[in-house]
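# Remarks on the overall topology
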2 protein chains.
Amino acid sequence: MRHCTLPNEGLLERMKARGLRLTGQRKILAELLETAEEHLDAESVYQLAKAKDETIHRATVYRTLNKLKKLGLVDELDLMHVSGERHFYEIRPSTLHIHLVCTTCKRVDEPDEAFWDDLKRRVENENGFRPEVVRVEMAGVCAACLRKRARRP
Amino acid sequence: MRHCTLPNEGLLERMKARGLRLTGQRKILAELLETAEEHLDAESVYQLAKAKDETIHRATVYRTLNKLKKLGLVDELDLMHVSGERHFYEIRPSTLHIHLVCTTCKRVDEPDEAFWDDLKRRVENENGFRPEVVRVEMAGVCAACLRKRARRP
DNA sequence: CTAACTGCAAACCTTTTGCATTGAC
DNA sequence: GTCAATGCAAAAGGTTTGCAGTTAG
């Protein structure tokens, strides 16, 4: 299991391939999204970007995130509102997102994708629906918090 | 498979059980949420409510939806942004939500929950995570649109 | 060169809040 | 009667847009 660190090489390349111009601002934003250790909302992206380039503007962040979203290079998540109303952005890792959100410590983990094929096959067979992008979000209690809870009940 | 019509008796009763006062406005809102044929966003809820009671105010709709959300009686969904940025509300059917969103016709279906136990058991065994609320959203092509596509390729 | 992109500021839209009043229990 | 809930209006918050200047390709 990994903790939200996708070694997702080549967002910039994929942006270029889709015809986007690789401006300085976009290079910063792409790098931020690629190396993020946690899910970022628009404001966090803006703050981190501003730390690297004082002149970057909120509007640019919004415009870029929207563009990436429309191209399907980035996805917007609410993580079941466990952390309030914020919306988070992440590079689209594949066609599958699985997020385990701990309601106790707010940590988000992304488990391995072992059951993806089962899930997809079942939906295709039983419902005639052909899944293209799948999002699975579970809110619950993570292993660490379960252990803590067991120690101090 | 059903089409987003949950015979979900008793939202009002559950509200009362949680200590909420059953005002005229809340009765209208509860009925709307219970009988909705499709997922409603806040503005739609407001418009439908206004049709039944001219004096009802947006603030009341927001306050009520928030209250229901915090109590876990209602959930907020983005349905993978297939229909833009709108957020939808639905009565929490159980701890499990499965939505199949067709990217072609925008229809949302909710399949039967046969694989729920598998999914939960696997996450619990493989990741030590205890799921409490599970949301599965799939964007793809529904059976009807696949058939249409097959006829006119 | 030129179309795409940016910064800026204003506009926009959705949601929240303070306050006086109303109404459920 | 009391406290929660409402309507109203104003504020807040987050996001988008028009425009003029800049820059990647």
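The structure under discussion appears in the preceding block.
Per chain, the residues get numbers from 1 upward, laid out in the order the sequence is written. By the order in which they are written, chains take letters starting at A while ligands take numbers starting at 1. Given that this is a predicted model, residues contribute local features only at a pLDDT of at least 70 and side-chain atom pairs are listed and counted only at 80 or more, while totals for whole chains, interfaces and linings are drawn from all residues. Values shown for side chains rest on all heavy atoms present in the structure; no hydrogens or waters enter the calculation.

### Describing the protein's contact with DNA strand D
- In the vicinity of DNA strand D, 18 residues are found, and the nearest of them are Tyr 62 and Asn 66 of chain A together with Gln 25, Arg 26 and Thr 60 of chain B.
- Taking all atoms of DNA strand D within 4 Å of the protein, the share assigned to sugar and phosphate is 66%.
- Any pair of N or O atoms that falls within 3.5 Å is considered a polar contact. Within protein, one atom must be able to donate a hydrogen and the other to accept it, and sequence-neighbouring residues count only if both atoms are side-chain atoms. Contacts to DNA strand D include Leu 22 of chain A, whose backbone N or O atom sits 3.2 Å from a phosphate oxygen.
- Separating a base oxygen of DNA strand D from a side-chain N or O atom of Arg 63 of chain A is a distance of 3.3 Å.
- Think of it this way: any DSSP run of H or I at least four residues long counts as a helix, any run of E at least two long counts as a strand, and we number them from the N terminus. Counting residues per element, the ones that place at least two in the surface near DNA strand D are helix H4 (58-70) of chain A together with helix H2 (24-35) and helix H4 (58-70) of chain B.
- Gly falls in the polar group here, along with every residue not listed as nonpolar (Ala, Val, Leu, Ile, Met, Phe, Trp, Tyr, Cys, Pro) or charged (Asp, Glu, Lys, Arg). Looking at side-chain class alone, the surface near DNA strand D contains 6 nonpolar, 6 polar and 6 charged residues. Here a residue is considered near a molecule or strand provided that any single heavy atom belonging to it is located within 4 Å of it.

### Concerning the pairing of strand S3 (residues 88-91) of chain B
All names here are of chain B.
- Buried residues are those whose accessible area, probed at 1.4 Å on protein chains only, stays under 20% of the maximum for their type, while exposed residues exceed 50% and partly exposed ones sit between those limits. By the alternation rule, side chains of S3 split into Phe 88 and Glu 90 and Tyr 89 and Ile 91, which are all buried.
- Pairing between strands is defined by DSSP: at least two bridges between them are needed. Both strand S1 (residues 40-41) and S3 contribute to a ladder of 2 bridges, which runs antiparallel. Paired with Asp 41 across the strands is Phe 88, a residue of S3.
- Note that strand S2 (residues 74-77) and S3 share 4 bridges and pair antiparallel. Counted as the bridge partner of Glu 76 is Tyr 89 from S3.

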